[in-house]
Amino acid sequence: MTTHGRTAVVTGAGRGIGAAIARRLASDGFHVVAVDLDGELAEQTAQAVAGTSAQLDVTDKDAAVAFASTLFRVDALVNNAGIFPPAPIADVDPAQFRKVMDVNVLGPLIMTQALLPLLTEAAGAAIVNIASIAAKLVTPGTAAYSPSKSAVVSLTKLCAVELANRGIRVNAIAPGGVRTEGTATVSTDVEREARFNALVPAGRRAAPDDIADAVPFFLSSDSRYVTGQVLYVDGGLSEATINYLRAAQSAH
Ligand SMILES: NC(=O)c1ccc[n+]([C@@H]2O[C@H](COP(=O)([O-])OP(=O)(O)OC[C@H]3O[C@@H](n4cnc5c(N)ncnc54)[C@H](O)[C@@H]3O)[C@@H](O)[C@H]2O)c1
């Protein structure tokens, strides 16, 4: 299936992984609609990829429906927008918890619902949800983040089953640690970064492009019989429990 003339909507496309996905899909021939809460960042990405942009909060259903009404064709939706504020479980505020669930879980649902008529019309339509290694391994200190990404995986499988008869496939990509603007504070601490890299079988934190390059397969006809699946793009981190154990032993 050629990507020429096909349109992909990418949320959270203003920076980080979303911007890398926008670049990759544009270089594959998609017309990219870069969506972000920050309209200026979305426009920067759109200009870089000769696409279009929209300022949109993915948790705002009315705004999402209004956004969808501006589009004529959507073949692909990449639900990438997400937040990961620090919040220990002992004192996380219910409102903070809800906010993370709103953006990370309801956001993909709202965008999927809003674009459903257009995705249903398109031949070979596909959705990719960006989950996280945190769906499988909890990340202490981030309260709702792991529950939210587990819910993204579950939502992905549910959507895959319910939307299959509309010809829409739905899969998830679960990144490990990725160097982005959102993780800049952890990845610029040199000593902490070296300890982290030592735990990753691939030996390094991912760059946004490492994640973006996994997306086209799920949007192409090469994956025409693949739906409801989660691909961990994590340099082996989620299978490396032994590395944590060794690190813990050597600390004593
Ligand atoms: N960086 C990592 O290590 C990592 C690891 C696993 C999964 N992820 C997931 O990848 C995705 C992108 O992460 P990132 O590191 O690039 O993040 P980032 O913080 O660098 O960028 C996220 C973008 O999403 C936008 N955004 C936030 N809330 C929004 C909303 N309500 N509506 C629309 N846009 C919104 C932000 O404005 C920002 O441009 C997230 O879903 C994140 O959970 C990241």
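Refer to the structure printed above.
The structure displayed is predicted, hence computed values, not measured ones.

Asker: Sorry, what's going on with the overall build of the protein here?
Answerer: A count of helical and extended segments in the protein gives ten helices and seven strands. Relative to the compact-globule value of 18 Å for 252 residues, the protein shows a C-alpha radius of gyration of 18 Å, a close match. Its C-alpha atoms put the protein at 60 × 40 × 35 Å along the principal axes. By residue count, 49% of the 252 residues in the protein fall in the buried class. Expressed as a percentage of contacts within the protein between residues at least 6 apart in sequence, the contacts between residues at least 24 apart total 71%. Roughly 12,200 Å² of accessible area belongs to the protein as shown, and the carbon and sulfur atoms make up 57% of that amount. Positive and negative side-chain charges of the protein, numbering 20 and 24 respectively, have mean locations separated by a distance of 6 Å.

Asker: What should I look at first to understand the site of the ligand in this one?
Answerer: In the neighbourhood of the ligand, 28 residues make up the surrounding shell, with Arg 15, Asp 36, Asn 80, Tyr 145 and Thr 180 lying closest. A distance of 2.6 Å separates an oxygen atom of the ligand from a polar atom in the side chain of Asp 36. At a separation of 3.1 Å, a nitrogen atom of the ligand approaches a polar backbone atom of Val 58. Relative to its free-state accessible area of 830 Å², the ligand is covered by the protein chains to the extent of 93%. Secondary-structure elements contributing two or more residues to the shell around the ligand are α1 (16–27) and α5 (145–163). Per-class residue counts for the shell around the ligand are 13 nonpolar, ten polar and five charged.

Asker: Can you walk me through the sheet that holds strand β4 (residues 76–79) in this structure?
Answerer: What links the strands of a sheet is backbone hydrogen bonding, and the strands pair in either a parallel or an antiparallel sense. Spatially, β3-β2-β1-β4-β5-β6-β7 is the arrangement adopted by the seven strands of the open sheet, whose pairing is parallel. Edge positions in the sheet fall to β3 (52–55) and β7 (230–233), since each has one partner strand and no second. Averaged over all pairs of adjacent strands, the angle between strand axes in this sheet comes to 20 degrees, irrespective of strand direction. Relative to β3, strand β2 (residues 31–36) is paired through four bridges, and the arrangement is parallel. Directly across from Val 35, in β3, lies its bridge partner Ala 54. Along the sheet, helix α4 (residues 94–121) makes contact with β1 (7–11), β4 and β5 (126–130), crossing β4 at roughly 175 degrees.

Asker: Looking at this structure, how should I read the side chain of Thr 180?
Answerer: Relative to the assigned elements, Thr 180 resides in the loop between β6 (169–175) and α6 (184–187). Owing to a relative accessible area of 14%, Thr 180 belongs among the buried residues under this scheme. Sequence-distant contacts of Thr 180, defined by excluding residues within four places in its chain, comprise Gly 16, Ile 17 and Pro 208.

Asker: Looking at this model, I keep getting lost on the packing of α4 against α5. Mind explaining?
Answerer: Helix packing for two helices is described by the angle between their axes and how far apart those axes are. It is the contact of α4 with α5, at a shortest axis distance of 9 Å, that shows an interaxial angle of 20 degrees. Here α5 runs roughly parallel to α4, going by the angle between their axes. In this structure, α4 meets α5 at a crossing whose hand is right-handed. Within the contact between the two elements, α4 uses Phe 97, Val 100, Met 101, Asn 104, Val 105, Pro 108, Leu 109, Thr 112 and Leu 116 and α5 uses Tyr 145, Pro 147, Ser 148, Lys 149, Ala 151, Val 152, Leu 155 and Leu 163.

Asker: I would appreciate a short explanation of the environment of Pro 117 in the present structure.
Answerer: With respect to the helices and strands, Pro 117 occurs in helix α4. Using a relative accessible area of 52% as the deciding quantity, one classes Pro 117 as exposed. Through-space distance from the C-alpha of Pro 117 to that of Gly 5 is 18 Å; in sequence the pair is 112 residues apart.

Asker: Looking at this structure, I do not really get the pattern of salt bridges. What am I missing?
Answerer: Pairs may arise between side chains of opposite charge once their charged atoms sit close together. According to the stated counting rule, one finds eight salt bridges in the structure shown. Three or more residues are tied together by salt bridges with common partners; here these are Arg 6, Arg 73 and Asp 75.

Asker: Sorry if this is basic, but what is going on with helix α2 (residues 39–48) here?
Answerer: For an α-helix the count is 3.6 residues per turn, leaving residues at separations of three or four pointing the same way. Looking at α2, one finds that the buried residues are Ala 42, Thr 45 and Ala 46. Relative to the axis of α2, the buried residues are bounded by an arc of 100 degrees and lie together on one face. Turned more than 90 degrees off the buried face of α2, the exposed positions are Glu 40, Gln 44, Gln 47 and Ala 48. Here the buried face of α2 lies against α1, β2 and β3. Here α2 starts with a cap whose side-chain oxygen sits 3.0 Å from the backbone nitrogen of Glu 40, and that cap is Asp 38. Positive phi shows up at Ala 50, right after α2, with a value of about 50 degrees.

Reading the values: the criteria
- Residues numbered from 1 in each chain as written.
- Predicted model: local features only at pLDDT ≥ 70, side-chain atom pairs only at ≥ 80, totals over all residues.
- Heavy atoms only, no water.
- Helix = DSSP H or I, 4+ residues; strand = E, 2+ residues; numbered from the N terminus.
- Rg over C-alpha atoms; globule rule 2.2 N^0.38 Å.
- Buried < 20%, exposed > 50% of the residue type's maximum accessible area, 1.4 Å probe, protein only.
- Contact = heavy atoms within 4.5 Å.
- Areas by Shrake-Rupley, 256 points an atom, 1.4 Å probe, with all protein chains shown as cover.
- Lys, Arg positive; Asp, Glu negative; His and termini not counted.
- Charge placed at Lys NZ, Arg CZ, Asp CG, Glu CD.
- Near = heavy atom within 4 Å.
- Polar contact = N/O pair within 3.5 Å; in protein donor to acceptor, adjacent residues only side chain to side chain.
- Nonpolar A, V, L, I, M, F, W, Y, C, P; charged D, E, K, R; others polar.
- Pairing = 2+ DSSP bridges.
- Axes fitted to C-alpha atoms, helices over the stretch in contact; angles between N-to-C directions.
- Parallel < 35°, antiparallel > 145°, perpendicular 65-115°, else oblique.
- Left-handed = near helix turned anticlockwise from the far one by under 90°.
- Salt bridge = Lys/Arg side-chain N within 4 Å of Asp/Glu carboxyl O.
- Arc of directions from axis to C-beta.

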